[in-house]
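# Structural description and commentary
This is what each chain is made of:
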Amino acid sequence: MSYQTIVEDNIDVLVVGAGLGGTGAAFEARYWGKDKKIVIAEKANIDRSGAVAQGLYAINCYMGTRFGENNPEDHVRYARIDLMGMVREDLLFDMARHVDSAVHQFEEWGLPLMRNPKTGAYQREGRWQIMIHGESYKPIVAEAAKKSADKVFNRICVTHLLMDESKPNRVAGAVGFNVRTGNYHVFKSKTVIVGAGGASNIYKPRSVGEGAGRVWYAPWSSGSAYGLLIGAGAKMTQMENKIVLARFKDGYGPVGAYFLHLKTYTQNGYGEEYESKWFPDLQKMVGKEYLDPEVSHRTHRPIPTCLRNHAFINEVNAGRGPIRMVTMEAFQDPHLEEIGWHNFLGMTVGQAVLWAATDVDPKYENPELTTSEPYVMGSHATGCGAWCSGPEDVSPPEYYWGYNRMTTVEGLFGAGDAVGGTPHAFSSGSFTEGRLAAKAACKFIDDGKAEGIVVSQAQIDKRRQEIYKPMETYRVYRNAITAGTVNPHYINPRQGLDRLQKLMDEYCGGVTVSYMTNDKLLNIGLKKLKILEEDWENGIAAEDIHELLRAWELKHRIMTSEAVIQHTLFREETRWPGYYYRGDFMKLDDENWHVLTVSRRDPETGEYTMEKAPLYHLIDDEEDKDAA
Ligand code: AMP
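Residues numbered from 1 in each chain as written. Predicted model: local features only at pLDDT ≥ 70, side-chain atom pairs only at ≥ 80, totals over all residues. Heavy atoms only, no water.

Attention now goes to the nonpolar core. Soluble globular proteins tend to bury their nonpolar side chains together. Among the nonpolar cores identified, the biggest contains 129 residues, and Leu161 and Phe177 are the most heavily contacted of them. Domain assignment of the residues forming this core places at least three in each of domain 1 (246–371) and domain 2 (469–611). Core analysis: the next-biggest nonpolar cluster, separate from the first, contains 43 residues, Val141, Ala144, Met347 and Leu369 among them. (Core = buried A, V, L, I, M, F, W, Y, C linked by side-chain atoms within 4.5 Å. Buried < 20%, exposed > 50% of the residue type's maximum accessible area, 1.4 Å probe, protein only. Domains from an automatic or database assignment.)

So, in structure tokens, the structure goes:
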């Protein structure tokens, strides 16, 4: 193949994926590493990449400590309850104590934050959420990262991490290809911060046919945060903690601003309140400790996201759908009506367009909601990701191995979706995590921990061969096409993705089975996934560079899915009703499963090992005194 090999050498900090996590990393690396070489490799263009690419109307993680609103401990309590106890409190606390300064910087850089005209404080949407005019959020933040980095490589799909050959389990950089030129790119680096995305589109989506591609999380989030780390042998945590979102139907328009700011509420198809009806039974499943509406009310803490989903799903299954958002009251107020529309125009324009196209005016009709297909990510109300070290002043020994946000592979760090056990970070928290990771990466280098890294030409050549193999497969076998895209020798990326989505949906708790699974189903799913993996290895074909991108995205999605199934199989309980159900263990089981799950895939053999890790509650249970 005629593609050039382009080598970037002597990098100190390589940022792989520059969404909010990666941009935070590049920015902070420059502060702690004035003379260090900082390089960004990004699949799209950093100005419009990652989950924030199309804008946001709110920053969902802001303490407001300077306005006396909340403290980091409160945020840990909130996230802990929302995730049914399962969080890394050290990492959460560390993020929460630094996040406000990141938000203040965004404002300095030009992001318009709304202010409360009476108090001068930022305009709250909810207790943790502040409102912004955020269509250009990403370009504004990207500017800071671009100024900080020595070089930004846009349009690079990073496929693998490079490993040091002088010391086992130490990272040495990354490789990938340019999705426009096709060139092979090699980045030799002392440290790597993975800020790539979580995974949409590993489950069969509700939107198909003419709606295909409309999903909740960014469709370009291909699980590379997980695929890259798993491929390098990093330990992962909480990969079973997939998230299901209650969303406006078909456009996936977010509900936060509506619930929290517009004070809209939900009803079943017959105009009845339904949520509380499901709580007594639900309480029997999860225990009073996790669901007590009276305590939630008193402490101003919401009912956990998954449990609200549970009521929604059950009400629909009982034949009383559709669930609607009652907008008709709020929308009578012209100011709130404007906010309702702005909310979508600034971040989910598709919802506004869909309503216009389908004749839905929320002033005169309560729009339908639905529960989405599951997503694997780590920054909304879910905490999938790598098992990372916490900060030295907070973390107990099992959570601390020297460098904040370092994975179990030396020199390899994570930020945003890549870090496990840290839900409710959202955009600002992901940026903050990037900053924390970069500070630690610089220290790792300054401590001499990245000396003597060796990468052989053989490793570089091997990866090159692997990367372009799908194009070679196409070239060799394309004459055997029988009709359309059907070829007895290979599958193309779309066919592979369809197969993945179907099996994840049916065997690992997707929408068509109402999020239900059990050990039997999971084991079949695993078997089918292995066959898909084999088919990928032996016969995925890419007609052009675009399909090559799709092939590697599929690879990362497959690796993510395998971790999800393994973790779901391991945790023998139903910890998050409304996210998924283990039909063979329908109850939350604190006696056996008040733990975090940790996995490792052996990069040589592909074998999985699973273990339980202790779940420490570092923040006391005290009820918030000054809840907003
Ligand atoms: P969303 O718009 O659903 O992505 O959510 C934005 C923010 O609002 C997140 O911090 C959510 O956890 C929060 N949120 C959404 N719906 C609710 C609700 N019904 N009660 C409390 N918080 C919510």
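It is worth spelling out the sheet that holds strand E19 (residues 608–614) at this point. Strand order in the open sheet formed by 4 strands is E14-E9-E18-E19, with antiparallel pairing between adjacent strands. The open sheet is flanked by strand E14 (385–386) and E19, the only strands paired with a single partner. (Pairing = 2+ DSSP bridges. Helix = DSSP H or I, 4+ residues; strand = E, 2+ residues; numbered from the N terminus.)

This part is about the side chain of threonine 191. Positionally, threonine 191 belongs in strand E8 (residues 184–194). With relative accessibility at 0%, the residue threonine 191 sits in the buried group. Among the polar contacts made by the side chain of threonine 191, one reaches the main-chain carbonyl oxygen of aspartate 12 at a distance of 2.7 Å. With residues near it in sequence (within four places) discarded, threonine 191 still touches Asp12, Val13, Leu14, Val171, Gly411, Phe413, Ala441, Phe444 and Ile445. (Polar contact = N/O pair within 3.5 Å; in protein donor to acceptor, adjacent residues only side chain to side chain. Contact = heavy atoms within 4.5 Å.)

So, on to the pairing of strand E6 (residues 156–163). Most of E6 sits out of view: 8 of its 8 residues are buried. Where E6 lies against strand E7 (residues 171–178), 7 bridges are found, and the strand directions are antiparallel. What sits directly across from methionine 163, in E7, is valine 171.

The next subject is the site of the ligand. Around the ligand lies a shell of 14 residues, among which Gln129, Arg247, Gly256, Arg308 and His380 are the nearest. A distance of 2.8 Å separates an oxygen atom of the ligand from a polar side-chain atom of glutamine 129. Summarising the interface, the protein chains cover 87% of the accessible area of the ligand, which totals 480 Å² for the free molecule. Residue composition of the shell around the ligand, by class: 7 nonpolar, 5 polar and 2 charged. (Near = heavy atom within 4 Å. Areas by Shrake-Rupley, 256 points an atom, 1.4 Å probe, with all protein chains shown as cover. Nonpolar A, V, L, I, M, F, W, Y, C, P; charged D, E, K, R; others polar.)

A word on the packing of aromatic side chains. By convention here, two paired aromatic rings are described through the distance between centres and the angle between planes. Per the counting criterion, the structure on display carries 32 aromatic pairs. The ring of tryptophan 387 carries arginine 88 above its face, with NZ or CZ at 4.7 Å from the centroid. (Phe/Tyr/Trp six-rings, centres within 6.5 Å; stacked < 30°, edge-to-face > 60°. Lys NZ or Arg CZ within 6 Å of the ring centre and 35° of its normal.)

A few words now on the domain arrangement of the protein chain. What the domain assignment reports for the protein chain is domain 1 (246–371) and domain 2 (469–611). Centre-to-centre separation of domain 1 and domain 2, based on C-alpha positions: 31 Å. At the interface, 15 residues of domain 1 touch 15 residues of domain 2. Taken together, both faces of the contact between domain 1 and domain 2 bury some 1,100 Å²; the carbon and sulfur share is 56%. Together, Met285, Tyr290 and Cys306 form the three largest contributors to the area buried by domain 1 at its contact with domain 2, with a combined 47%. Summed over the shared surface of domain 1 and domain 2, the result is 7 residue pairs in polar contact (both at pLDDT 80 or more). Mapped onto the side of domain 1 that touches domain 2, the elements with two or more residues apiece are helix H7 (279–286) and helix H9 (305–317). In terms of residue count, the dominant contributor to the side of domain 1 that touches domain 2 is H9 (8 residues). Here the side of domain 1 that touches domain 2 is built from residues that sort into 7 nonpolar, 6 polar and 2 charged. (Buried area = accessible area lost by both parts, 1.4 Å probe.)

Close contact between helix H13 (residues 457–477) and helix H16 (residues 545–570) brings their axes to 9 Å; oriented N to C, the two are set at 120°. Accordingly, the angle class assigned to the pair H13 and H16 is oblique. H13 and H16 meet at a crossing whose hand is right-handed. Contacts between H13 and H16 involve Glu466, Ile467, Tyr468, Pro470 and Met471 on the former and, on the latter, Ile545, Leu548, Ala551 and Trp552. Its residues assigned to classes, the contact of H13 with H16 shows 8 nonpolar, no polar and 1 charged. (Axes fitted to C-alpha atoms, helices over the stretch in contact; angles between N-to-C directions. Parallel < 35°, antiparallel > 145°, perpendicular 65-115°, else oblique. Left-handed = near helix turned anticlockwise from the far one by under 90°.)

Let's shift gears to the environment of aspartate 100. Its place among the elements puts aspartate 100 in helix H3 (residues 89–108). We classify aspartate 100 as buried; its relative accessible area is 9%. Taking C-alpha positions, aspartate 100 is 8.6 Å from arginine 66, a pair spaced 34 residues apart along the chain. When sequence neighbours within four positions are dropped, the list of residues in contact with aspartate 100 reads Tyr62, Met63, Gly64 and Thr65. Within the structure, aspartate 100 has its side chain in polar contact with the backbone nitrogen of glycine 64 (distance 2.9 Å).

With the rule as written, the count across this model stands at 50 salt bridges. Linking glutamate 8 and lysine 151 is a salt bridge whose minimum nitrogen-to-oxygen distance equals 3.0 Å. Separated by 143 residues along the polypeptide, glutamate 8 in strand E1 (residues 5–16) and lysine 151 in strand E5 (residues 151–153) bring together distant segments of the chain. Within this structure, Asp94, Arg97, Asp393, Arg405 and Glu433 form a network of salt bridges that share partners. (Salt bridge = Lys/Arg side-chain N within 4 Å of Asp/Glu carboxyl O.)

Attention now moves to unusual backbone geometry. Look at the link from glycine 321 to proline 322: it is a cis peptide, with omega at -5°. Checked against the element boundaries, proline 322 lands in the loop between H9 and strand E12 (324–326). Phi is positive for methionine 84, close to 55°, though the residue is something other than glycine. In this fold, methionine 84 is placed in the loop between helix H2 (72–82) and H3.

Across the interface, helix H15 (residues 519–539) lies against H16 with an axial gap of 10 Å and an inter-helix angle of 155°. By the criterion of interaxial angle, the relationship of H15 to H16 is roughly antiparallel. Both H15 and H16 take part in a crossing whose hand is left-handed. Residues Asp519, Leu522, Asn523, Gly525, Leu526, Leu529, Lys530, Leu532, Glu533, Trp536 and Glu537 of H15 touch H16, and the partners they reach there are Ala551, Trp552, Leu554, Lys555, Ile558, Ser561, Glu562, Ile565, Gln566, Thr568 and Leu569. Class assignment of the residues belonging to the contact of H15 with H16 gives a composition of 11 nonpolar, 5 polar and 6 charged.

This brings us to the environment of glutamate 210. Note on placement: glutamate 210 falls in the loop between E8 and helix H5 (224–231). Between the C-alpha atoms of glutamate 210 and lysine 502, which are 292 residues apart in sequence, the distance is 18 Å.

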